[in-house]
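Analysis of the macromolecular model
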Amino acid sequence: MAEAQDHKEWLAQMERESRAKQKIFMDGIAAKLNRPRVTQKPARPLRGAPDFWQAFEWPLEERIRRFTENFRGVGGHVERLAGMADVREFIADKAAQMSAQYVIRQNEPELEALGLEQRLEAASVRVWNTDEKEHWKARAAEADFGVVLADYAAAYTGSITVLSSKDKGRSVSLLPTVLFAIIPVERLKTRLGEILVNFDEAGQGGLPAGIHFISGPSRSADIENDLTIGVHGPGVVYALIVG
């Protein structure tokens, strides 16, 4: 019991010393800024975005333009296509240019209708989670192309939202070398808040297995800011706005 009490007192002493050092550090910053140190939490009468921001919305063409600028600004590629037939031909052209041998896609009706299996004669096209015996993460990691249908996209942030489920494995968007994210134009919103509200309304029991925000290709930098593309995800990402 005595040993436990000594240990408790030692922890309390360490806590006091840590807080004293913290006070000296924060007081020093305040002094350099020529202002008193703030010790009380600021009042926050409102929660969430203000009303003017929640009502803010760009017209469709402005949404497309802003999304394109933002997505390309971080190294992504954007194409605007009239319909899904154009999407099929665009992916087929890229497969021929890049000599793609292996393609994996989500198990979605819209992607089934693309007919990539018939169009890409020189490549093997696999559909996520259609064979219980298959090691699908490994198949996705081997894939040259991954093809997904975006659930949402936000123009203001240049972000694509992809949800996970048993037919929409996150590996399809995370592991292939090149990602094609198909964005039906009606799913392109102005603000990220328009997307997030859907998850609030769904509640904890209605949330998907994963919610992924994709803003261009994978970008990683070490402590010296040496930037590397494609280390933790696809190095090339195409956002295909359809409609």
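Up top is the structure these notes are about.
Just so it is clear, the model here is predicted, and its values are computed rather than measured.

1. Regarding the overall build of the protein chain
On a plain count of helices and strands, the protein chain comes out with nine helices and 12 strands. For 243 residues, the compact-globule formula gives about 18 Å, and the C-alpha radius of gyration of the protein chain, at 24 Å, lies well above that figure. Considered along the principal axes of its C-alpha atoms, the protein chain spans approximately 75 × 50 × 40 Å. Across the protein chain, the fraction of contacts at a sequence separation of at least 24, relative to all contacts at a separation of at least 6, is 73%. Carbon together with sulfur atoms contributes 53% to the accessible area of the protein chain, which is approximately 15000 Å² in total. If you average the places of the 31 positive and of the 34 negative side-chain charges in the protein chain, the two averages end up 6 Å apart.

2. Focus on the sheet that holds strand β1 (residues 77–81)
Read across the sheet, six strands follow the order β1-β12-β7-β4-β2-β3 without closing on themselves; strand pairing throughout is parallel. Among the strands making up the open sheet, the edge pair consists of β1 and β3 (124–127). Going from strand to strand, the sheet's axes swing by 20° on average, the running direction of each strand aside. Those strands touched by helix α3 (residues 60–73) are β1, β7 (178–184) and β12 (236–242), and its axis lies near 155° from that of β1. Together, β1, β4 (145–149), β7 and β12 form the strand contacts of helix α4 (residues 84–98), whose direction differs from that of β12 by roughly 160°.

3. Describing the sheet that holds strand β5 (residues 152–154)
The strand order across the open sheet built from four strands is β8-β5-β6-β9, with neighbouring strands paired in mixed fashion. Two strands close off the open sheet at either side, each with one partner strand: β8 (188–189) and β9 (210–214). Here β5 pairs with strand β6 (residues 159–164) via three bridges, running antiparallel. Within the sheet, the bridge partner assigned to Ala 153 lies in β6 and is Ile 160. Where helix α9 (residues 193–202) meets the sheet, it contacts β5, β6, β8 and β9, and its direction lies at approximately 140° from that of β5.

4. Overview of the nonpolar core
Core analysis: the biggest nonpolar cluster contains 27 residues, and Phe 67, Ile 160, Ile 183 and Ile 241 have the highest contact counts within it. Of all the secondary-structure elements, those providing two or more residues to this core are α3, β2 (102–105), α7 (136–142), β6, β7 and β12. The residues touching Ile 160, leaving out its near neighbours within four places in the chain, are Phe 67, Phe 71, Ala 150, Tyr 152, Ala 153, Ala 181, Ile 183, His 212, Phe 213, Ile 214 and Ala 239.

What counts and what doesn't
- Residues numbered from 1 in each chain as written.
- Predicted model: local features only at pLDDT ≥ 70, side-chain atom pairs only at ≥ 80, totals over all residues.
- Heavy atoms only, no water.
- Helix = DSSP H or I, 4+ residues; strand = E, 2+ residues; numbered from the N terminus.
- Rg over C-alpha atoms; globule rule 2.2 N^0.38 Å.
- Contact = heavy atoms within 4.5 Å.
- Areas by Shrake-Rupley, 256 points an atom, 1.4 Å probe, with all protein chains shown as cover.
- Lys, Arg positive; Asp, Glu negative; His and termini not counted.
- Charge placed at Lys NZ, Arg CZ, Asp CG, Glu CD.
- Pairing = 2+ DSSP bridges.
- Axes fitted to C-alpha atoms, helices over the stretch in contact; angles between N-to-C directions.
- Core = buried A, V, L, I, M, F, W, Y, C linked by side-chain atoms within 4.5 Å.
- Buried < 20%, exposed > 50% of the residue type's maximum accessible area, 1.4 Å probe, protein only.

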